[in-house]
Amino acid sequence: MLFLKEISYQPQTSETKIIDNLNVKVHENEIILICGDSGSGKTTLIEIIAGLINPQKGKICWKNKILSTRQRRWLTGIVFQFPERYFIGTTIGNELKIGHKFLREKNIEIVLNKVGLKNVNLTQPPEQLSGGQQRRLAVAVQLLRNPSILLLDEPTAGLDFSMRNDVKNLILDLKNQNTIIIVTHEPSLFEGIPSRMLILKKGKIYESKS
Ligand SMILES: Nc1ncnc2c1ncn2[C@@H]1O[C@H](COP(=O)(O)OP(=O)(O)OP(=O)(O)O)[C@@H](O)[C@H]1O
Ligand SMILES: [Mg+2]
């Protein structure tokens with residue numbers, strides 16, 4: 001279980017706390033949605049979980065052990081909003097291999113299979129993929145790191161309807177095999193997938209009743 005205990009975070013440049021004594025538990029292989037108004041701190045929260053930001057207060061535990069910042073970076077895979085803007089590989093194959101000294105072809109095959117990019121041509125540039133496929137590739141890049149927790153920031157942002165469905169189906173495929181936290185403006189799109197929907201408001205998390 002991932003346990004965020006009494007987390008508070010206030011950047012030096014902010015007059016108020018963005019995250020304020022927040023508590024949340026996420027079970028292994030659970031998929032949760034985090035919703036909230038623009039500016040409510042959703043991205044900040046997943047950056048805290050990912051070890052990119054350090055809160056001033058609180059503990060982040062995984063399987064009953066407190067995690068250091070470094071451990072959080074290892075444990076999580078974060079897919080930022082509009083990940084395709086940050087592809088740096090000249091080919092899909094390169095993009096997948098970035099950061100790996102040794103990577104077995106078999107692992108690439110397994111991950112591409114998982115994200116539904118089985119027959120993709122690895123020698124083509126990532127930009128030649130469709131919008132939905134590019135999001136799948138960004139998830140594949142993270143899955144190759146074998147993260148315990150996958151963090152997706154607005155995975156459907158800027159996609160047309162069919163591509164949004166593509167991303168939804170990807171998440172369905174990953175269900176029950178991965179712990180996934182999805183930040184979204186479009187909770188209705190993910191209907192039926194997550195076990196819980198949480199609302200981030202004034203720095204705290206609330207369970208949604210709907
Ligand atoms: N380093 C910082 N210094 C000052 N303010 C910050 C900093 N980082 C974030 N904020 C503020 O904290 C609030 C939360 O930002 P965040 O990006 O986490 O919101 P969000 O819920 O992801 O919004 P959106 O839905 O628009 O992506 C915003 O008001 C933002 O301006
Ligand atoms: Mg955001």
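Residues numbered from 1 in each chain as written. Chains lettered and ligands numbered in written order. Predicted model: local features only at pLDDT ≥ 70, side-chain atom pairs only at ≥ 80, totals over all residues.

1. Looking at the overall build of the protein chain
Inference 1: The helix and strand inventory of the protein chain stands at six helices and 10 strands.
Inference 2: Here the C-alpha radius of gyration of the protein chain, 17 Å, is about what a compact globule of 210 residues would show, namely 17 Å.
Inference 3: Its C-alpha atoms put the protein chain at 45 × 35 × 35 Å along the principal axes.
Inference 4: When burial is assessed residue by residue, the protein chain has 36% of its 210 residues classed as buried.
Inference 5: Once local pairs closer than 6 in sequence are excluded, the contacts in the protein chain between residues at least 24 apart make up 70%. (Helix = DSSP H or I, 4+ residues; strand = E, 2+ residues; numbered from the N terminus. Rg over C-alpha atoms; globule rule 2.2 N^0.38 Å. Buried ≥ 20, exposed ≤ 12 C-beta atoms within 10 Å, placed from the backbone. Contact = placed C-beta atoms within 7 Å.)

2. Quick notes on the site of ligand 1
Inference 1: As a matter of local geometry, ligand 1 sits amid Pro11, Thr13, Ser14, Ile18, Gly36, Ser38, Gly39, Ser40, Gly41, Lys42, Thr43 and Thr44.
Inference 2: Its residues placed into classes, the shell around ligand 1 shows two nonpolar, nine polar and one charged. (Near = placed C-beta within 6 Å. Nonpolar A, V, L, I, M, F, W, Y, C, P; charged D, E, K, R; others polar.)

3. Considerations on the sheet that holds strand β6 (residues 76-79)
Inference 1: Here we have six strands laid out as an open sheet, ordered β6-β7-β8-β3-β9-β10, and mixed in their pairing. Strands with a single pairing partner mark the edges of an open sheet, and in this sheet they are β6 and β10 (204-207). Put simply, the sheet's adjacent strands are angled 20° from each other on average, direction ignored.
Inference 2: In the sheet, strand β9 (residues 196-201) pairs with β10 via four bridges, with the strands oriented antiparallel. Residue Ile199 lies in a different strand from β10, and its bridge partner there is Tyr206.
Inference 3: The strands touched by helix α5 (residues 131-143) are β6 and β7 (149-153); relative to β6, the strand with the most contacts, the crossing angle is about 160°. (Pairing = 2+ DSSP bridges. Axes fitted to C-alpha atoms, helices over the stretch in contact; angles between N-to-C directions.)

4. Some remarks on the nonpolar core
One recurring pattern in soluble globular proteins is that nonpolar side chains are buried together.
Inference 1: Residues Ile49, Ala140, Leu151, Ile181 and Ile182 are the most contacted members of the largest nonpolar core, which totals 52 residues.
Inference 2: Residue contributions to this core peak at six residues, all from α5.
Inference 3: Once residues within four sequence positions are removed from consideration, Ile49 is found in contact with Ile60, Arg72, Thr76, Ile149, Leu151 and Ile181. (Core = buried A, V, L, I, M, F, W, Y, C linked by C-beta atoms within 7 Å.)

5. So, the sheet that holds strand β5 (residues 65-66)
Inference 1: A sheet is described by the order of its strands in space; here four strands give the open sequence β2-β1-β4-β5, paired in antiparallel fashion. The strands lining the two open edges of the sheet, one partner per strand, are β2 (19-26) and β5.
Inference 2: Summarising the sheet, strand β1 (residues 2-9) and β2 pair through five bridges and their orientation is antiparallel. If you follow Ile7 over to β2, its bridge partner there is Leu22.

6. Here's the deal with the pairing of β1
Inference 1: Across five bridges, the pairing between β1 and strand β4 (residues 57-62) is antiparallel. Its bridge partner lying in β4, Ser8 is registered against Lys57.

7. Brief notes about unusual backbone geometry
Inference 1: Phi angles above zero are rare outside glycine, and Glu154 is one such case at about 50°.
Inference 2: Among the secondary structure elements, Glu154 is positioned in the loop between β7 and α6 (161-174).

8. Looking at the environment of Ile171
Inference 1: Looking at the element boundaries, Ile171 is found in helix α6.
Inference 2: Using a count of 21 C-beta atoms within 10 Å as the deciding quantity, one classes Ile171 as buried.
Inference 3: Note: C-alpha distance between Ile171 and Ile193 (22 residues apart in sequence) is 7.9 Å.
Inference 4: Sequence-distant contacts of Ile171, defined by excluding residues within four places in its chain, comprise Ile31, Ile180, Ile182, Phe190 and Ile193.

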